[in-house]
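Residue-level structural notes
This is what each chain is made of:
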Amino acid sequence: MVAALLDRLGVDPSLYSQGDHAVHSPIDGSRIGTVRLVGKVEVEQAVGRAAEAFQAWRKVPAPRRGELIRLYGEALRQHKAELGELVSWEAGKITQEGLGEVQEMIDICDFAVGLSRQLYGLTIASERPGHHMRETWHPLGVVGVISAFNFPVAVWSWNTALALVCGNPVVWKPSEKTPLTALACQALFERVAKDFSEAPAHLSQVVIGAREAGEALVDDPRVALVSATGSTRMGREVAPRVAARFARSVLELGGNNAMILTPSADLDLAVRAILFSAVGTAGQRCTTLRRLIAHESVKAEIVERLKAAYSKVRIGHPLQGNLVGPLIDRQSFEGMQRALEQARAEGGVVFGGERQLQDRFPEAWYVSPAIVEMPGQSAVVCHETFAPILYVVGYQDFAEAIALNNAVPQGLSSCVFTTDVREAELFQSAVGSDCGIANVNIGPSGAEIGGAFGGEKETGGGRESGSDAWKAYMRRQTNTVNYSHELPLAQGITFD
Ligand code: UN1
């Protein structure tokens, strides 16, 4: 099944049938491939090839670079079904979400194509007569991408589509849990790039490896930007190492995303939004809804309605019409159980959270999503557990709700459900949510690619994807040109 998909995506069988690192599907625990893990030396060699590719690629006009991405987007359109299904096999996503992830790739390609004609600089009024100032954007250099299992292809594409139109080659270290989808993206890319005469070899490379490979990418002085998605723990290691060599990082780390549910909220809408954002992707999005901050007047009703909705959610094989697929692996399941234990110890009342389908899939980790009513935002609530646990806490007044939203170390996404325009505006104001994403009447997950994506505090501060996130992938240059016959100095200084 998986081999047939890889074949249709053009992946050389030797890449997934040799080596000593086994890849298992979270759907049923079956082995779906073996890959070879590379170490420091191979990563350094890949970076060397990328540095060489940069010399040529930076000279190709940006709209031509965009044309390559347009063609890649076309290839993704043609192979959307296969790649989506492969994402399901390797990451456990349901059909709709596997396809949605590939659509997100197609969308960012479209965005990047437009961007390739809009890498706009500025003209600036000079204080000196006969002078002209401007700001220009130039290609930056090799971009290293480190991605996580939960968005095994989309996060790479956000980085790569932008990096390439900005004139930079990419070296990608995917999660060791999802190397096959990475090989498929790479195979499609190579097929498109080989017919594109301006594309030098090695514009995009994949290095599959463990910690040592990641470290080599992070520490290599030729890597100008490291874009890393993963845990806050990982970010704490990456950020200082990249900073120590004065390179750039874009960090997308943990989230602990809340919804404030106000007395005026449309509860029908809220139930649907909560279901998608708390239960979807089996709670394994960085934008997953993890905290429901409900006004005391609606709390009991929403909990009751959610329990009814959760009881009906179909859990099972993600390619067979269910809504909740498996957790990625046993460690993830164990982490979830530990969190539920801790929640009980901190006074929580747990609904759901049990292992499911153990008989049919003894080697896989399906769970019923959990709702946990908590007496307050205790330690476990402030911690991101990458599993479907929704903590519910109450509030009395709106200022308290905003304070609770902000009282966690992470700052990725947030939302309010209200029909009161004052609450909606306050939530999105300077004294409202402290997150990178703050929504009204939609859940915290499932962002479109057009906006900048990322968050504050322990989320890492990076921005990827839309808006002007491209600027992180280029170097800014300020130019002053004197077209006069004089040499006036700035600040009116005389020097003679
Ligand atoms: C992630 O979980 O790492 O907003 C990314 C969303 C998706 C991306 C999530 N567009 O949920």
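Residues numbered from 1 in each chain as written. Predicted model: local features only at pLDDT ≥ 70, side-chain atom pairs only at ≥ 80, totals over all residues.

The protein chain has the name aldehyde dehydrogenase (NAD(+)) in an unreviewed UniProt entry, where Metapseudomonas furukawaii is given as its organism. In its Subunit (unreviewed entry) section, the UniProt entry covering the protein chain states "Homotetramer." Listed in UniProt under the heading Sequence similarities (unreviewed entry), the comment for the protein chain reads: "Belongs to the aldehyde dehydrogenase family." (UniProt positions renumbered as here; feature names shortened; annotations may be inferred.)

This part covers the overall build of the protein chain. Counting secondary structure elements, the protein chain contains 15 helices and 23 strands. Whereas a compact globule of 496 residues would reach a radius of gyration of roughly 23 Å, the protein chain reaches 24 Å, a difference of no more than 12%. C-alpha atoms of the protein chain, sized along the principal axes, occupy 80 × 60 × 35 Å. Across the 496 residues of the protein chain, 52% fall into the buried class. Within the protein chain, contacts between residues separated by at least 24 positions form 73% of all contacts whose residues are at least 6 apart in sequence. (Helix = DSSP H or I, 4+ residues; strand = E, 2+ residues; numbered from the N terminus. Rg over C-alpha atoms; globule rule 2.2 N^0.38 Å. Buried ≥ 20, exposed ≤ 12 C-beta atoms within 10 Å, placed from the backbone. Contact = placed C-beta atoms within 7 Å.)

The next thing to look at is the UniProt feature "domain: Aldehyde dehydrogenase" (unreviewed entry) in the protein chain. Following the UniProt record, the feature "domain: Aldehyde dehydrogenase" (unreviewed entry) maps to residues 21-478 here. For residues 21-478, helix accounts for 39% and strand for 21%, while the C-alpha atoms at its two ends are 48 Å apart.

Every α-helical turn comprises 3.6 residues, leaving residues that sit three or four positions apart pointing alike. Regarding helix H14 (residues 398-406), the residues found buried are Phe-398, Ala-401, Ile-402 and Asn-405. With its buried residues spanning 100° around the axis, H14 presents them on a single face. Looking at the buried side of H14, the elements it contacts are strand E10 (257-261), strand E11 (289-295), strand E16 (389-395), strand E18 (413-417) and helix H15 (421-427). (Arc of directions from axis to C-beta.)

Taken together, the neighbourhood of the ligand is formed by Glu-104, Asn-150, Phe-151, Val-155, Thr-229, Arg-285, Cys-286, Thr-287, Ser-445, Gly-446 and Ala-447. Here the shell around the ligand is built from residues that sort into 4 nonpolar, 5 polar and 2 charged. (Near = placed C-beta within 6 Å. Nonpolar A, V, L, I, M, F, W, Y, C, P; charged D, E, K, R; others polar.)

We now examine helix H7 (residues 154-165). Between its first and last C-alpha, H7 extends 17 Å over 12 residues, near the 16 Å set by a 1.5 Å rise per residue. Extensive coverage of H7 is indicated by the burial of 12 of its 12 residues. Following H7 by one or two positions, Gly-167 adopts a phi angle in the positive range, close to 100°. (Expected span 1.5 Å × (residues − 1).)

The next subject is the sheet that holds strand E15 (residues 370-373). Sheet architecture is open: 7 strands sit in the order E12-E15-E16-E11-E10-E18-E19, paired in mixed fashion. Single-partner strands in this sheet number two, and they are strand E12 (349-351) and strand E19 (437-440). Strand-to-strand twist in this sheet, taken as the mean axis angle between neighbours without regard to direction, amounts to 20°. When E18 meets E19, the two strands line up parallel, connected through 4 bridges. Within E19, the residue paired with Val-416 across the bridge is Val-440. (Pairing = 2+ DSSP bridges. Axes fitted to C-alpha atoms, helices over the stretch in contact; angles between N-to-C directions.)

Next up on the list: unusual backbone geometry. Positive phi is not limited to glycine here, since His-202 has a value of about 70°. Structurally, His-202 is set in the loop between helix H8 (179-194) and strand E7 (204-206). The exposure class assigned to His-202 is buried, which follows from the 21 C-beta atoms found within 10 Å. The backbone of Ser-465 shows a phi angle near 75°, a positive value even though the residue is not glycine.

Moving on: the sheet that holds strand E3 (residues 122-124). Across the sheet, 3 strands lie side by side as E3-E4-E23; this open sheet has antiparallel pairing. Edge strands, defined here as strands with exactly one partner in the open sheet, are E3 and strand E23 (474-482). Ignoring which end each strand starts from, the neighbouring axes of this sheet average 25° apart.

A separate point is the packing of helix H5 (residues 80-91) against helix H6 (residues 95-115). Axis separation between H5 and H6 bottoms out at 8 Å; the angle between their running directions is 120°. Relative to H6, the element H5 is oriented oblique. Viewed along their axes, H5 and H6 form a crossing whose handedness is right-handed. Each of Lys-80, Leu-83, Gly-84, Glu-85, Val-87 and Ser-88 in H5 lies in contact with H6, whose residues at this interface are Thr-95, Gly-98, Leu-99, Glu-101 and Val-102. Residue composition of the contact of H5 with H6, grouped by class: 4 nonpolar, 4 polar and 3 charged. (Parallel < 35°, antiparallel > 145°, perpendicular 65-115°, else oblique. Left-handed = near helix turned anticlockwise from the far one by under 90°.)

The next point concerns the environment of Trp-470. Positionally, Trp-470 belongs in the loop between strand E22 (464-465) and E23. Setting aside chain neighbours within four positions, we find Trp-470 in contact with Leu-115, Leu-119, Leu-162 and Cys-166.

Our focus in this paragraph is the packing of helix H4 (residues 62-78) against H6. Close contact between H4 and H6 brings their axes to 8 Å; oriented N to C, the two are set at 160°. Here H6 runs roughly antiparallel to H4, going by the angle between their axes. The crossing of H4 and H6 is left-handed. Residue-level contacts link Gly-66, Ile-69, Arg-70, Tyr-72, Gly-73, Leu-76 and Arg-77 of H4 to Val-102, Met-105, Ile-106, Cys-109, Asp-110, Ala-112 and Val-113 of H6. Of the residues contributing to the contact of H4 with H6, the split by class is 9 nonpolar, 2 polar and 3 charged.

In this section: the confidence of the model for the protein chain. Summarising the model, the protein chain shows a mean pLDDT of 98, and 100% of its residues fall at 70 or more. Reported for the predicted complex are a pTM of 0.97 and an ipTM of 0.97. (pLDDT = per-residue confidence, 0-100.)

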